[in-house]
Amino acid sequence: MRLKGECYCTMNLWKRLESARKQPRLAQELMLNNYWVAAHCLPLVAGRARRPVTEGCNVAFRGSAPLTAETMRRFAPRGGMLSLSLDSCFEQCKDSLRIQALLCSLVWPCFCLCLALTGLLFTLVAGVRAWLRAKRNARRARDGRPAVAFFHPYCHAGGGGERVLWCAVRALQNRYQDVDFVVYTGDQDATAEQILDGARLRFGVRLPRPVHFVFLKRRLLVEASLYPYFTLLGQSVGSMFLAWEALSAFPPELCVDSMGYAFTLPVFRYLGGCRVGSYVHYPTISTDMLSVVRERSPSSASLDDPLPPFPRLSSACRFNNADYVSRNPVLSAVKVVYYCAFALLYGLAGSCSNVVMVNSTWTLGHVLALWRAPNRTSVVYPPCHVQAFLDVPLDEEEEGEEGGGRCRSVVSVAQFRPEKDHRLQIRAFRKLLDRKGAEPGSRESVKLVLIGGCRNQEDEDRVLMLRGLCQELGVADRVEFKLNIPFEELKKDLAEATIGLHTMWNEHFGIGVVECMAAGTVILAHKSGGPKMDIVVPFEGGPTGFLAYDEDGYADAMERILAMPPASRLEMRRRARQSVARFSDSEFEASFLAATEPLMGTLES
């Protein structure tokens, strides 16, 4: 009996099998391994007998020697049986070879297709860049001057980010007289005059000359409500399309993202051919977000609470980690993978910025960890309207009084967004009242005033929820809400307050904290983020305020502040006022101009 055909394997396996032919014990070990035998039609080699082994202990012989009992005894393992199923082995090997041949035949077409698509993409990008360059050159030849654009889709809002925008534009206009300035905005419900009037009335910022507004029609692409799932990714991709709309409408020489849309940076730089800068208020994703999901921490806010605007998403991570995700280890693991992948993309997009400015030491740490651009990154503290509060004199006479039944107020200044955690303020205030309840008239001696802005109906609904919480806790008569109040009324309320309250976890900076300190309140802020690292820090060897983390900590600190001797409170207030001078408009403008000088210098070339 002779076996027609041949089974072959790798040279390394052949060597092992050659040794196994002389060593039965080694042959027995090889029988247990999972070697796949491929069939191949090669000339028979007379006098050679080698034995590849397949899974299932099917043995095939190669050679021209007759299959005898002696041969079987030589190659079979001791005490085992030799199964000759050469036909089935050959069929399996032929199937394997067919699959391999099919895959090999697809490699070259796939490579050619990828090469063609890559070439097409590069051609398309080059064509778009050439078109935008021609459009930019034509505009510059017509106007005779370069243009600097700020990407800020919500420039008519009243937050700290908008104050940064207008102070930055004012500083650049004062320094560079021969440069035009453009603002990309999605506020189509307001005119250019209304936007500039809002900047003057809200922030006291008057621009030396007008700016050009480009009104974007697709701002909905960056709205959180459009993406109930994968919000970070959806808004980031949407911002890239919004950046394309801005570029096609007005291609500038230099673009600054002043709102935190990092994924627009590669669009402006590589597609638009612009120099780009960025001012980061808050990283879109951070290591803290990953920790919250890894630890499977449940949401501390109602699941009905909508997400905040895009630039502040990471601050609300602990408020949108749904309970059904935190309870499920599989979903939590999937979300961790999603966040890690997004963090990688976010870092790549941010690294495209030629100049990076961050608003605090806390933000600096996270941006350096993700963007990895230390030589291009600097801290530029945001401008705070401290001078207006510093003009209000400290009322020493009231501080000299020993209480005498005067109602003391605890004031919070923050927009009514979920991450501001107003519920923590209300609960901590309730604990303070419980502790003071045993004292006659003590409950009536303190009140909580919540001052903030409502951007839309969602914020107003949140205020209704907070009012309901006050009713539930029995403190509605001691809590006052003040919405969208004028600046002069804000100054008056802060000047009369004893404690300035702040409860946002990992606040990127904390303009409201600075304003409270400048107004002369004793600040009580969250022990995290910018307030902990940059603002409520010792000054001239003494404390400038208090920090707390949970309800008991806030209640303890408020009780301690109210029990302080008036002279000690007055000393702390004065020290805090002196410490916030470094956050003034003039300090911001000097730092901002120094950071952007490398960018602005390219306009002259």
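Scoring rules and cut-offs
- Residues numbered from 1 in each chain as written.
- Predicted model: local features only at pLDDT ≥ 70, side-chain atom pairs only at ≥ 80, totals over all residues.
- Heavy atoms only, no water.
- Phe/Tyr/Trp six-rings, centres within 6.5 Å; stacked < 30°, edge-to-face > 60°.
- Helix = DSSP H or I, 4+ residues; strand = E, 2+ residues; numbered from the N terminus.
- Buried < 20%, exposed > 50% of the residue type's maximum accessible area, 1.4 Å probe, protein only.
- Axes fitted to C-alpha atoms, helices over the stretch in contact; angles between N-to-C directions.
- Parallel < 35°, antiparallel > 145°, perpendicular 65-115°, else oblique.
- Left-handed = near helix turned anticlockwise from the far one by under 90°.
- Contact = heavy atoms within 4.5 Å.
- Core = buried A, V, L, I, M, F, W, Y, C linked by side-chain atoms within 4.5 Å.
- pLDDT = per-residue confidence, 0-100.

Trainee: I would appreciate a short explanation of the packing of aromatic side chains in the present structure.
Mentor: For any pair of aromatic rings, geometry is given as the distance between the ring centres together with the angle between the planes. Taken as a whole, this structure holds 21 aromatic pairs when the rule is applied. Measuring from ring centre to ring centre gives 5.0 Å for Phe 230 and Tyr 338, while their planes differ by 85°; the resulting arrangement is edge-to-face. Here Phe 230 is found in the loop between strand S5 (212-215) and helix H7 (231-249), whereas its partner Tyr 338 is found in helix H12 (residues 329-350), with 108 residues between them in sequence. Looking at Phe 230, the relative accessible area reads 53%, which means it is exposed. Between Phe 509 and Phe 583, the aromatic rings sit 5.2 Å apart at their centres with planes inclined by 80°, giving edge-to-face as the arrangement. Remark: Phe 583 occurs in the loop between helix H22 (566-579) and helix H23 (585-601) and Phe 509 occurs in the loop between strand S13 (499-501) and helix H19 (511-519); sequence separation between them is 74 residues. Judged by its relative accessible area of 1%, Phe 509 falls in the buried class. Among the residues examined, Phe 583 registers a relative accessible area of 1% and is labelled buried. Among the aromatic residues, those joined into a cluster by ring pairs are Phe 151, Tyr 184, Tyr 261 and Phe 268.

Trainee: Sorry if this is basic, but what is going on with the packing of helix H16 (residues 422-436) against helix H21 (residues 551-563) here?
Mentor: In helix packing, the relevant descriptors are the interaxial angle and the interaxial distance, both defined with respect to the helix axes. Two elements in contact, H16 and H21, have axes whose closest approach is 8 Å; the angle formed by their N-to-C orientations is 55°. Viewed along their axes, H16 and H21 adopt a mutual orientation that is oblique. The handedness of the crossing between H16 and H21 comes out as right-handed. Taken together, the residues of H21 that come into contact with H16 (itself represented by Leu 424, Arg 427, Ala 428, Phe 429, Lys 431, Leu 432 and Arg 435) are Glu 551, Asp 552, Tyr 554, Ala 555, Asp 556, Met 558, Glu 559 and Leu 562.

Trainee: Would you take a moment to explain the nonpolar core for this structure?
Mentor: It is characteristic of soluble globular proteins that their nonpolar side chains tend to be buried jointly. Formed by 45 residues in total, the largest nonpolar core has its most connected members in Phe 151, Tyr 184, Phe 268, Ile 285, Tyr 339, Tyr 346 and Trp 371. Ranked by the residues each element gives to this core, the list is headed by H12, at 7 residues. Listed in part, the 35 residues of the second largest apolar core include Cys 167, Val 205, Ala 595 and Leu 599.

Trainee: How should I be thinking about the confidence of the model for the protein in this particular structure?
Mentor: Should the pLDDT be low somewhere, the predicted coordinates at that spot are not to be read in detail. A residue-level look at the protein finds 75% of positions with pLDDT of 70 or above and a mean pLDDT of 80. In this model residues 25-69 is a low-confidence stretch, pLDDT under 50, and it forms 110 contacts with partners more than four residues away in sequence or in other chains. Confidence drops under pLDDT 50 across residues 71-86; counting only partners more than four residues distant or on other chains, this segment forms 29 contacts.

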